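Spelled out, the chains give:
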Amino acid sequence: MQVVFMNTFDRVDGDRTVMGAKVSICENDGKWLVLWTEGSEETATWYEGLSWEEMLAAFRHGVALKMGEGFQPVIDGMLDERKTSPGSIIMMMQCYGELHADTALFEELREWRRKTAAQQRKSAYMIATNRVLNMISAFKPHTEQELAQIPGWGESKMKAHAEQVLAITMQHARETSFPLDWVVSMLDTKQYWQWSYRQKELKYKSQMERHQEKRLILDAISHGRTLSELQVELVMTRRNLLDRIEQLETEGYDMEPIVETELAEMPVEERQAVLEAFDAVGDKYLKPVMQHVYGIEGAADKSLDLVYDRLRMLRLTYRRNKKQHEAV
């Protein structure tokens, strides 16, 4: 086994005892391994597999987790993909918002967001993220000028939602003031760095899970799994699964096996009609294609969900053929 990278860590416990640890990236017969050894404990394997991307995400996730527990590396910079300022005022405001959110006010804001999203038929996060709502509940702005100081609350949100949000926040008294430059001195340094590493841990965990999901999808497709079987195995909604398949197609992976599996019962003439419809009305939106082929009411003998699933599958084929033709 060849050690490709190694770094050592120290952590000072409450009794001032220094605990040592090390992390290693190794290569063994074409497989990557990420190993963590803490003191005299047995070595833990964070990752073992063939994917460099998945290995790197597992490595960074593990390092962020351990640094959040107080371990400090001898060689720093393992989590920094680009030069940033981890102590920026915006990050500190986000941290303060999460640590000092007013639970009652946050729930009021979340209920407002739920109703607004339902009325506008949008996802809740497009109205405002939990992070923004946490900061609003912690700082309690009472004017538009104060609301504008909340990171993530831009001009479009101000025009659309400021009046409703301020009507809620003005009912709550506050102990802090604006402007928010006091956050830097008031925020507990240890709490901030623990929060900062927690954000990185969550980020790399998400990346790691996405790489694992990608590997499972590709493996399942190569073994002839159907969309329904993939849904069960991955515990995903059909829409999210189709989104991931389309994304993998754009990344250059061959999705033709699952396209053929899903379209096995679709007549060749019907397939050709859909491909011609893409030429006629474009491939950005599926509804015009559906209506072009099946009429305003859709296909009488097929469910609308089935029709749209097949359209999405055929759009993969159409776009691939179009790209190949343009490259010639």
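Residues numbered from 1 in each chain as written. Predicted model: local features only at pLDDT ≥ 70, side-chain atom pairs only at ≥ 80, totals over all residues. Heavy atoms only, no water.

**Description of the pattern of salt bridges**
Working definition: two side chains of opposite charge can pair if their charged atoms are close together.
So, step 1. According to the stated counting rule, one finds 24 salt bridges in the structure shown.
So, step 2. Residue Glu-69 is joined to Lys-66 by a salt bridge in which the shortest nitrogen-to-oxygen separation is 3.5 Å.
So, step 3. Judged by relative accessible area, Glu-69 falls into the partly exposed class, the value being 38%.
So, step 4. Looking at Lys-66, the relative accessible area reads 13%, which means it is buried.
So, step 5. Residues Glu-146 and Arg-174 are paired through a salt bridge, measuring 2.8 Å at the closest nitrogen-oxygen approach. With Glu-146 in helix α6 (residues 144-147) and Arg-174 in the loop between α7 (155-169) and α8 (183-186), this residue pair connects regions lying 28 residues apart in the sequence.
So, step 6. If you follow the salt bridges from partner to partner, you end up with Asp-243, Glu-246, Arg-312 and Arg-315 in one network. (Salt bridge = Lys/Arg side-chain N within 4 Å of Asp/Glu carboxyl O. Buried < 20%, exposed > 50% of the residue type's maximum accessible area, 1.4 Å probe, protein only. Helix = DSSP H or I, 4+ residues; strand = E, 2+ residues; numbered from the N terminus.)

**Observations regarding the pairing of strand β3 (residues 31-38)**
So, step 1. Buried residues dominate β3, accounting for seven of its eight residues.
So, step 2. Strand direction decides the pairing type here: strand β2 (residues 18-28) and β3, joined by eight bridges, are antiparallel. Considered in β3, the bridge of Asn-28 is made with Lys-31.
So, step 3. Where β2 folds back on β3, the antiparallel hairpin that results is connected by two residues, among which Asp-29 adopts a positive phi of roughly 55°.
So, step 4. Pairing geometry for β3 and strand β4 (residues 44-49), over five bridges, is antiparallel. Across the sheet, Leu-35 pairs through a bridge with Thr-45, a residue of β4.
So, step 5. Joining the antiparallel neighbours β3 and β4 is a turn of five residues, in which Gly-39 adopts a positive phi near 60°. (Pairing = 2+ DSSP bridges.)

**Let's talk about the sheet that holds β4**
So, step 1. Across the sheet, which stays open at both edges, the five strands sit in the order β4-β3-β2-β1-β5 with antiparallel pairing between neighbours. Where the open sheet ends on each side, the last strands, each with one partner, are β4 and β5 (72-73).
So, step 2. Its contacts with the sheet place helix α1 (residues 52-68) against β1 (2-12), β2, β3, β4 and β5, and it is angled at close to 165° to β4. (Contact = heavy atoms within 4.5 Å. Axes fitted to C-alpha atoms, helices over the stretch in contact; angles between N-to-C directions.)

**Some thoughts on the environment of Gln-247**
So, step 1. You can see Gln-247 is positioned in helix α11 (residues 238-250).
So, step 2. A relative accessible area of 34% places Gln-247 in the partly exposed class.
So, step 3. Sequence separation between Gln-247 and Lys-159 is 88 residues; the distance between their C-alpha atoms is 34 Å.

**Brief notes about the environment of Thr-116**
So, step 1. When you line up the elements, Thr-116 lands in helix α3 (residues 103-120).
So, step 2. With residues up to four places along the chain from it excluded, the contact list for Thr-116 reads Ile-127, His-161 and Gln-164.

**Structural notes on a nonpolar patch on the surface**
So, step 1. Where nonpolar side chains cluster on the molecular surface, the patch consists of Ile-89, Ile-90 and Val-184 and spans about 230 Å² of accessible area.
So, step 2. Mapped onto the elements, Ile-90 comes out in helix α2 (residues 89-99).
So, step 3. The exposure class assigned to Ile-90 is partly exposed, which follows from its relative accessible area of 43%. (Patch = residues over 30% accessible without salt bridge, like charges linked within 9 Å, V, L, I, M, F, W, Y side chains within 5 Å. Areas by Shrake-Rupley, 256 points an atom, 1.4 Å probe, with all protein chains shown as cover.)

**Observations concerning the packing of helix α10 (residues 227-234) against α11**
So, step 1. Where α10 meets α11, the axes come as close as 10 Å, and the angle between the chain directions of the two elements is 105°. With respect to their mutual orientation, α10 and α11 come out roughly perpendicular. Here α10 contributes Leu-227, Ser-228, Leu-230, Gln-231 and Leu-234 to the contact with α11, which in turn contributes Arg-238, Leu-241, Leu-242 and Ile-245.
So, step 2. Counted by class, the contact of α10 with α11 contains six nonpolar, two polar and one charged residues. (Parallel < 35°, antiparallel > 145°, perpendicular 65-115°, else oblique. Nonpolar A, V, L, I, M, F, W, Y, C, P; charged D, E, K, R; others polar.)

**Focus on the packing of aromatic side chains**
So, step 1. The tally for this structure, following the rule as stated, stands at twelve aromatic pairs.
So, step 2. Here the aromatic residues Phe-9, Trp-36, Trp-46 and Phe-71 are joined through ring pairs into a cluster of three or more. (Phe/Tyr/Trp six-rings, centres within 6.5 Å; stacked < 30°, edge-to-face > 60°.)

**Thoughts on unusual backbone geometry**
Only a minority of non-glycine residues have a phi that is not negative, and only a minority of peptide bonds are not trans.
So, step 1. With an omega dihedral of 0°, the bond running from Phe-178 to Pro-179 counts as a cis peptide bond.
So, step 2. Secondary-structure assignment places Pro-179 in the loop between α7 and α8.
So, step 3. At Asp-29, a residue that is not glycine, the phi angle is positive and equals roughly 55°.
So, step 4. Of note in this structure, Arg-121 is not a glycine but carries a positive phi near 55°.
So, step 5. The topology assignment puts Arg-121 in the loop between α3 and α4 (124-127).

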